[in-house]
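Architecture and fold: a report
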Amino acid sequence: MVVRVRRPAILYSKKRIAMAAAGGVGHGCRTAAFKDVVVQIHIKTLSMSNDGVERAVFEEYRGIPREATYLIYAGFLPSFALGMFYTDLAYFLPSIQGVPLSVVGSLQTVMGVTMVVTSIPLGIMADRFGRKRFVIMGGVLASTTIVMFALTTSTVLLVVAAIVEGMSEGAFAGSSSALMAEKAGNDKRTSAFSFSFFLNNIGSGLGSFSIASVSVFEAFGIGTRQAHVLLYLLFAL
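Residues numbered from 1 in each chain as written. Predicted model: local features only at pLDDT ≥ 70, side-chain atom pairs only at ≥ 80, totals over all residues. Heavy atoms only, no water.

Attention now goes to the overall build of the protein. Of regular secondary structure, the protein possesses 10 helices and zero strands. Ordered by position from the N terminus, the helices and strands of the protein form the series α-α-α-α-α-α-α-α-α-α. A burial count over the protein gives 35% of its 237 residues as buried. Here the contacts in the protein between residues at least 6 apart in sequence split such that 72% fall between residues at least 24 apart. If you sum the accessible surface of the protein, you get close to 14000 Å²; carbon and sulfur atoms cover 64% of it. (Helix = DSSP H or I, 4+ residues; strand = E, 2+ residues; numbered from the N terminus. Buried < 20%, exposed > 50% of the residue type's maximum accessible area, 1.4 Å probe, protein only. Contact = heavy atoms within 4.5 Å. Areas by Shrake-Rupley, 256 points an atom, 1.4 Å probe, with all protein chains shown as cover.)

Here it is as structure tokens:
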């Protein structure tokens, strides 16, 4: 018996497949052969559709302008360092440096407030004096902050370090996004930002895992405090 499928495979919806599986209602056929043909066509169609979606997703990231690509990859290392810093800071200051928990919470508040307050004016200044300069300035300030947190226990200096860290985040946030939009262009702007966020999140996650390297330093006879300080200094570079 020859079964003819007159409709294209793509037109077989879930409702039609269910009807066919129930006995061919609406198709004028109640044979098992027909049900097998329809189900196999549907599975093949779904497989081809999934492959096409995967190719389309990766195709979106091709053709991003070179300068935008450089910015994306350049943001990986700062994300890596800050992932370690923000994860370990809440443990390092009170447990290793002996800073009171109330001070640690206040420092994190100062960093967040400073970033919010300074991001808009620093963004305006970046538009006027050059966005690339402010991206670099944000990176330099972030490195300076990590060194300050590693080497001091003075509350006053820690507050200064928190303010500097907030300013570095504000300088970077107010200029990097605008610079990325400028270099990526209208056609690849969405793809560039999505790839950037994806890569930065990976860097941040890997940076948090790097805290385990303290155990490696300790295995060579370095004390716990010195091991943390060494880790901070290495990431500040």
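One pass over the full model with this rule turns up eight aromatic pairs. For the ring pair tyrosine 73 and phenylalanine 195, a centre distance of 6.0 Å and an interplane angle of 85 degrees mean the geometry is edge-to-face. Taken together, the residues span a long stretch of sequence, with tyrosine 73 in helix H3 (residues 66-74) and phenylalanine 195 in helix H8 (residues 189-209) at a distance of 122 residues. Tyrosine 73 sits in the partly exposed class, given a relative accessible area of 48%. Note on phenylalanine 195: relative accessible area 17%, which makes it buried. On the numbers, 6.1 Å between centres and 40 degrees between planes, the contact of phenylalanine 193 with phenylalanine 197 is tilted. Separated by four residues within a single helix, phenylalanine 193 and phenylalanine 197 lie in helix H8, roughly one turn from each other. Exposure remark for phenylalanine 193: the relative accessible area of 18% places this residue in the buried category. Grouped by ring-pair contacts, the aromatic residues Phe85, Tyr86, Phe92, Phe149 and Tyr232 constitute a single cluster. (Phe/Tyr/Trp six-rings, centres within 6.5 Å; stacked < 30°, edge-to-face > 60°.)

Residues spaced three or four apart along an α-helix point in a common direction, a consequence of the helix completing one turn every 3.6 residues. Taking 1.5 Å as the rise per residue, helix H5 (residues 101-129) with 29 residues should run 42 Å; its terminal C-alpha atoms sit 40 Å apart, in good agreement. Of all the bends in H5, the greatest, near 40 degrees, is centred on serine 119, and the proline proline 121 appears no more than four residues after it. All of the buried residues along H5 are Val103, Val104, Leu107, Met111, Thr114, Thr118, Ser119, Leu122, Gly123 and Ala126. Here the buried face of H5 lies against helix H4 (76-96), helix H6 (131-151) and helix H7 (155-184). (Expected span 1.5 Å × (residues − 1). Bend = angle between axes of the 7 residues up to and from the residue.)

This brings us to the environment of glutamate 218. Turning to its location among the elements, glutamate 218 is positioned in helix H9 (residues 213-219). Among residues more than four places away in sequence, those in contact with glutamate 218 are Gly223, Thr224 and Ala227.

Now for the pattern of salt bridges. Applying the stated criterion across every chain yields a total of three salt bridges. Lysine 183 is the salt-bridge partner of glutamate 67, the closest N and O atoms lying 3.1 Å from each other. Separated by 116 residues along the polypeptide, glutamate 67 in helix H3 and lysine 183 in helix H7 bring together distant segments of the chain. Classification of glutamate 67 by relative accessible area gives partly exposed; the value is 46%. On the basis of relative accessible area, lysine 183 is assigned to the partly exposed category, the value being 24%. Between arginine 131 and glutamate 182 there is a salt bridge whose closest N-O contact spans 2.8 Å. Of this pair, arginine 131 sits in helix H6 while glutamate 182 is found in helix H7, placing the two residues 51 residues apart along the sequence. (Salt bridge = Lys/Arg side-chain N within 4 Å of Asp/Glu carboxyl O.)

Attention now moves to the nonpolar core. Within the largest apolar cluster, 28 residues are counted, with the highest numbers of intra-cluster contacts made by Met84, Phe85, Leu89, Leu93, Leu107, Phe149 and Tyr232. If you tally residues by element for this core, the top one is H4, at eight residues. In this structure, leucine 93 is in contact with Gly98, Val99, Val104, Leu107, Phe149 and Leu158, ignoring residues within four places of it in sequence. Counting residues in each nonpolar core, the second largest holds 10 residues, with Ala192, Phe193, Phe195 and Leu199 among its members. (Core = buried A, V, L, I, M, F, W, Y, C linked by side-chain atoms within 4.5 Å.)

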